[in-house]
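Residue-level structural notes
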Amino acid sequence: MHSLLNQTRVEFVRGDITRQATEAIVNAANSSLLGGGGVDGAIHRAGGPRILEECKKIRAQQGGCPTGEAVITTGGNLPARYVIHTVGPVWHGGSHNESMLLRSAYYNSLRLAQENDINSIAFPSISTGAYGYPVKQAAAIAVAAVLEFADSHSQPGLIRFVLFSDQDLVVYQAAWEEAVSSF
Ligand code: ADP
């Protein structure tokens, strides 16, 4: 499924983010930037050691990546040229600023992409795996952040959500329809 918003095409697909040929893919990293399980592990495995080397340099310079912020490295051996590492919030019940931090993770990733003149980007479902964010709520925040960004920026021209299950794909598509209809 796709829709056009201003000059941005927004797509929803089921798939593996490590196989996306967008200019950048986004990693649901942790604050240490030293790798982990889930999508983070898959990206480092597929992309090879150069990604971790650059993550370690960033860590030495700024001490990791705070929740809600984003940093950029090479894509190493991935089809994508860059990986944008962002850190979503751990779900603690919803009253610990989780929604604002999740929105920031998406928004700051898009801002970093734009600053680096990246014209296509793929996102996984940040925070909804090991970090336990309920997927319906996370999807509503993710699509709202993208909608808001695309409304005021012409780049990136392609934003793709890559969901790992059919179930998540349906949830994100429904969240998008809902967000667009009330925008
Ligand atoms: P977090 O720690 O932010 O919750 P996870 O990696 O545990 O991140 O999970 C985030 C989402 O990424 C989950 O929906 C998980 O199923 C999905 N995922 C795991 N591997 C991949 C992959 N290769 N491509 C796309 N999504 C993936």
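Here we summarise the structure given alongside this text. (Residues numbered from 1 in each chain as written. Predicted model: local features only at pLDDT ≥ 70, side-chain atom pairs only at ≥ 80, totals over all residues. Heavy atoms only, no water.)

**Quick look at helix 2 (residues 49-62)**
- Relative to the 20 Å expected for 14 residues at 1.5 Å per residue, helix 2 spans 20 Å between its end C-alpha atoms, a close match to the ideal helical length.
- Of the positions making up helix 2, those classed as buried are I51, C55 and I58. Each buried residue of helix 2 sits inside an arc of 60° when the element is viewed along its axis, so together they form one side. Relative to its buried face, helix 2 has exposed residues pointing more than 90 degrees away, namely P49, K57 and A60.
- Check the buried side of helix 2 and you find it contacts helix 1 (38-47), strand 4 (70-74) and strand 5 (82-86).
- Once helix 2 ends, the next one or two residues include G63, with phi positive near 70°. (Helix = DSSP H or I, 4+ residues; strand = E, 2+ residues; numbered from the N terminus. Expected span 1.5 Å × (residues − 1). Buried < 20%, exposed > 50% of the residue type's maximum accessible area, 1.4 Å probe, protein only. Arc of directions from axis to C-beta. Contact = heavy atoms within 4.5 Å.)

**A closer look at unusual backbone geometry**
- Look at the link from Q155 to P156: it is a cis peptide, with omega at -5°.
- By the secondary structure assignment, P156 is in the loop between helix 4 (135-152) and strand 7 (158-163).
- Positive phi values are uncommon outside glycine, yet L33 reaches one of about 60°.
- When you line up the elements, L33 lands in the loop between strand 3 (24-28) and helix 1.
- The class for L33 is buried, based on a relative accessible area of 3%.

**A closer look at the pairing of strand 1 (residues 2-5)**
- Here strand 1 shows a buried face lined by S3 and L5 and an unburied face lined by H2 and L4.
- Bridging between strand 1 and strand 2 (residues 8-14) involves four bridges; their strand directions are antiparallel. Counted as the bridge partner of L5 is T8 from strand 2.
- Adjacent in sequence and paired antiparallel, strand 1 and strand 2 are bridged by two residues, among which N6 carries a positive phi angle near 55°. (Pairing = 2+ DSSP bridges.)

**Remarks on the packing of aromatic side chains**
- Taken as a whole, this structure holds eight aromatic pairs when the rule is applied.
- Ring centres 5.1 Å apart and planes at 5° place the aromatic pair F12 and F161 in the stacked group. Here F161 lies in strand 7 and F12 lies in strand 2, a separation of 149 residues in the sequence. With respect to class, F12 is no different from F161; both count as buried.
- Every member of this aromatic cluster is reached through a ring pair, and the members are F12, Y106, F123, F161, Y172 and W176.
- In this structure, R103 packs its charged tip against the face of Y107, placed 4.6 Å from the ring centre. (Phe/Tyr/Trp six-rings, centres within 6.5 Å; stacked < 30°, edge-to-face > 60°. Lys NZ or Arg CZ within 6 Å of the ring centre and 35° of its normal.)

The values reported here are purely geometric and, on their own, carry no functional implication.
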